Amino acid sequence: MDTSDVASDLSCVLFTKEQIAARLAEIAAEIDVDYADKNPLLVGVLNGAVMVVADLSRAMKIHCEMDWMAVSSYGSGTQTSGVVRILKDLNTDLHGRHVIIVEDIIDTGLTLSYLMQNLATRDPASLKIMTMLRKPAAVQVELDIAYVGFDIPNQFVVGYGLDYAGHYRNLHDIGVLAPSVYA
């Protein structure tokens, strides 16, 4: 989906597909150096990280494997319940593996903090985080993030895997959703 298809739904475009691809290529090159001969396992956090994992892995020049987790920190509404649930766990044994958790966005960091603690108990050789977007103003838990695509303002963004009510995930660009859409 092109931005022109939903232009009236966006306040602005933060990053174009070209900017996203260029930044992912830079991160992939860093990972290629950091994980040469290590066969890292990319753990995508569903659903938002699908685009990121796909494009990051294709930009990498070293071998890697992929697995997926689905976690939820929300109850029935839009407010966090304070409880993180694993909805889909990994199929891969992490013992001795070099693991990179791949996220679409980090805002509070609460869910990712839980996920890091959970995966650390599985005895990986290393455990790092890559995120496409980070909202520094929203962070409630400090996390050591090895690879950051872009820092963004504390606004509601969609596109490139990020959704609102299941829509906009297939938008090529990342944009700020107009308040009129969700107000």
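Heads up: these notes are all about the structure in this document. All of these numbers come straight from a predicted model, not from anything done at the bench.

1. Considerations on helix 2 (residues 50-59)
No. 1: Here helix 2 has its buried residues at Val-52, Val-53, Leu-56 and Ser-57. Taken down its axis, helix 2 places every buried residue within 115 degrees of arc, on the same side.

2. Describing the pattern of salt bridges
No. 1: The final tally for this structure, using the stated rule, is seven salt bridges.
No. 2: Glu-26 is paired through a salt bridge with Arg-23; the nearest N and O atoms lie 2.9 Å apart. Highlighted residues: Glu-26 and Arg-23, both in helix 1 (residues 17-34), separated by three residues, approximately one helical turn.
No. 3: Here Asp-55 makes a salt bridge to Arg-58, at a shortest N to O gap of 2.3 Å. Residue Asp-55 and its partner Arg-58 are located together in helix 2, separated by three residues, close to a single helical turn.
No. 4: For Asp-55, a relative accessible area of 27% translates into the label partly exposed.

3. As for the side chain of Ser-57
No. 1: Within the fold, Ser-57 resides in helix 2.
No. 2: On the basis of relative accessible area, Ser-57 is assigned to the buried category, the value being 12%.
No. 3: In this view, Ser-57 contacts Leu-42, Cys-64 and Met-66; residues no more than four positions away in its chain are not counted.

4. What about the side chain of Ser-126?
No. 1: Tracing the backbone shows Ser-126 in strand 6 (residues 126-134).
No. 2: Judged by its relative accessible area of 18%, Ser-126 falls in the buried class.
No. 3: For Ser-126, the residues in contact, after removing those within four places along its chain, are Tyr-35, Arg-97, His-98 and Val-99.

5. As for the pairing of strand 7 (residues 147-151)
Consecutive side chains along a regular strand alternate between the two faces of the sheet.
No. 1: With four of five residues buried, strand 7 lies mostly within the body of the structure.
No. 2: Bridge count between strand 6 and strand 7: four bridges; the pairing is parallel. Bridge pairing links Arg-134 to Asp-151 in strand 7.

6. Remarks on the sheet that holds strand 8 (residues 157-158)
Whenever strands of a sheet pair, they do so through backbone hydrogen bonds, lying parallel or antiparallel.
No. 1: If you walk across this open sheet you meet the three strands as 1-9-8, and the pairing is antiparallel. Edge strands, defined here as strands with exactly one partner in the open sheet, are strand 1 (10-15) and strand 8.
No. 2: As defined by bridge partners, strand 1 adjoins strand 9 (residues 174-177) across four bridges and the pair is classed as antiparallel. By the bridge assignment for strand 9, Leu-10 is matched with Leu-177.

Criteria and cut-off values
- Residues numbered from 1 in each chain as written.
- Predicted model: local features only at pLDDT ≥ 70, side-chain atom pairs only at ≥ 80, totals over all residues.
- Heavy atoms only, no water.
- Buried < 20%, exposed > 50% of the residue type's maximum accessible area, 1.4 Å probe, protein only.
- Helix = DSSP H or I, 4+ residues; strand = E, 2+ residues; numbered from the N terminus.
- Arc of directions from axis to C-beta.
- Salt bridge = Lys/Arg side-chain N within 4 Å of Asp/Glu carboxyl O.
- Contact = heavy atoms within 4.5 Å.
- Pairing = 2+ DSSP bridges.

The analysis is restricted to geometry; functional conclusions fall outside its scope.
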